[in-house]
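Breakdown of the fold
Below are the chains, spelled out letter by letter.
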Amino acid sequence: MTPPGRAGRKSTTREPIIQEPVTPQTMAHTTAPDPAEPEATRRAAGVTESARANRGWWDRNADEYQSEHGTFLGDDRFVWCPEGLDEVEAELLGPAEGLAGKSVLEIGAGAAQCSRWLAAQGASPVALDLSHRQLQHALRIGGTFPLVCADAAALPFADASFDLACSAYGALPFVADPVLVLREVRRVLRPGGRFAFSVTHPIRWAFPDEPGPEGLSVSASYFDRTPYVEQDEAGHAVYVEHHRTVGDRVRDVVAAGLRLVDLVEPEWPAWNTSEWGGWSPLRGQQIPGTAIFVCVRD
């Protein structure tokens, strides 16, 4: 996350869900970004303002974001986080051989790499994202599964529609009321269904978002839950990110009627020499960058 109080445009490296090189043809119809730099601040931001701001931000920045990280994520891998944890190894949704025939909802799918990997295992995924531009990239790459543009807090599916759900940095870091999303996920899961989601590790909010040594010293209160907001000259939010402590996340899961069965904090692997915004080998060896919550609907 961007350090509290830092002015200027944030790095396009917060949500590892969509990454593809963008050709001049795909860029042709992209709306030009606003040249004015937004003001970074910490202030309250509600459900509606957060959703409106983040939909617009991802529509404007999808091309740049995908171009920047496409090599790392590929077209059809299921990567949970900048640490590079792959579902092939993690099996947080269960063994790959057990996915065949399962209906899976990917929330915050972006270009739908995770859904593409799930389809290759024989699953029947549905890729959902708030951003229309993100889903245009998913459509460009291709796939035979449905793409749905919708808010994760109001899923357009019937009760008990899915066997599994997943979200790799999608939706939950950006919503003002995560329990709304979690309750919706529980509603569309069948009994016994599993939901795994990754988010920025809450401890990172206490540190500057820097990959070098300066990112290893505490600079803010871990307990300050004031949202990080970027706003235009009129004071309208153009990007919002919300902080929850580890305890908050656990309580949110419980309040939504889900059961937490695992909390994974991926360690930085020796093979990963990449920097991703504030994530880096130096920091990854000292503090966790990602938290993955694995839940079940009983």
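All values derive from a computational prediction rather than experimental measurement.

1. Some points on the overall build of the chain
- Along the chain, the regular secondary structure elements total eight helices and 10 strands.
- Counting all 298 residues of the chain, 56% fall into the buried class.
- Contacts spanning at least 24 positions in sequence make up 75% of the contacts within the chain whose residues lie at least 6 apart.
- Only carbon and sulfur atoms are counted for the fraction: they give 53% of the accessible area of the chain, which is about 12000 Å².

2. Here's the deal with the pattern of salt bridges
- According to the stated counting rule, one finds 12 salt bridges in the structure shown.
- Among the ionic pairs, Arg42 bridges to Asp224, the shortest N-O distance being 3.7 Å. Residue Arg42 is located in strand E1 (residues 39-42), and its partner Asp224 is located in the loop between strand E6 (189-200) and strand E7 (228-231); the two are separated by 182 residues in the primary sequence.
- The exposure class assigned to Arg42 is buried, which follows from its relative accessible area of 19%.
- Each of the salt bridges in this network shares a partner with another, and the network as a whole consists of Asp159, Glu184 and Arg187.

3. Remarks on the confidence of the model for the chain
- With 88% of its residues at a pLDDT of 70 or more, the chain shows a mean pLDDT of 89.
- Considering only residues more than four positions removed or in separate chains, one finds that residues 1-33, a stretch of pLDDT under 50, has 124 contacts.

4. Section: unusual backbone geometry
- Positioned with a positive phi, Tyr169 is a non-glycine residue whose angle comes to about 60°.
- Mapped onto the elements, Tyr169 comes out in the loop between strand E5 (162-168) and helix H6 (178-188).
- Exposure remark for Tyr169: the relative accessible area of 0% places this residue in the buried category.
- You will see that Ala171, though not glycine, has its phi angle at about 70°, which is positive.
- Relative to the elements of secondary structure, Ala171 occurs in the loop between E5 and H6.
- Assessed through its relative accessible area of 17%, Ala171 is described here as buried.

5. Description of the side chain of Glu241
- Position of Glu241 among the secondary structure elements: in strand E8 (residues 237-241).
- A polar atom in the side chain of Glu241 sits 2.7 Å from the side chain of Tyr239.

6. Overview of helix H5 (residues 132-141)
- Turning to H5, its buried residues are Arg133, Gln134, Leu135, His137 and Ala138.
- Looking one or two places after H5, you find Gly142, whose phi comes out positive at around 105°.

7. What about the nonpolar core?
- The biggest cluster of nonpolar side chains holds 34 residues, and the ones touching the most others in it are Phe78, Trp80, Leu92, Leu93, Leu99, Leu118 and Cys166.
- Mapped by element, the contributors of at least two residues to this core are helix H2 (47-73), helix H4 (113-120), E5 and strand E10 (290-296).
- Non-local contacts of Cys166, meaning those with residues more than four positions away in its chain, are made with Phe78, Trp80, Leu93, Val104, Leu105, Glu106, Ile107, Leu118, Phe195 and Ala196.
- Core analysis: the second largest hydrophobic core is formed by 28 residues, Leu105, Ile107, Val126 and Phe157 among them.

8. Things to note about the packing of aromatic side chains
- Taken as a whole and judged by the stated rule, the model has 14 aromatic pairs.
- Seen in terms of ring centroids, Phe78 and Trp80 are 4.7 Å apart; in terms of plane orientation they differ by 45°. Their pairing is tilted.
- Judged by its relative accessible area of 0%, Phe78 falls in the buried class.
- Under the relative-accessibility criterion, Trp80 is labelled buried at 0%.
- Members of the aromatic cluster, connected to one another through ring pairs, are Trp57, Trp58, Tyr65, Phe174, Tyr228 and Tyr239.

The rules behind these values
Residues numbered from 1 in each chain as written. Predicted model: local features only at pLDDT ≥ 70, side-chain atom pairs only at ≥ 80, totals over all residues. Heavy atoms only, no water. Helix = DSSP H or I, 4+ residues; strand = E, 2+ residues; numbered from the N terminus. Buried < 20%, exposed > 50% of the residue type's maximum accessible area, 1.4 Å probe, protein only. Contact = heavy atoms within 4.5 Å. Areas by Shrake-Rupley, 256 points an atom, 1.4 Å probe, with all protein chains shown as cover. Salt bridge = Lys/Arg side-chain N within 4 Å of Asp/Glu carboxyl O. pLDDT = per-residue confidence, 0-100. Polar contact = N/O pair within 3.5 Å; in protein donor to acceptor, adjacent residues only side chain to side chain. Core = buried A, V, L, I, M, F, W, Y, C linked by side-chain atoms within 4.5 Å. Phe/Tyr/Trp six-rings, centres within 6.5 Å; stacked < 30°, edge-to-face > 60°.

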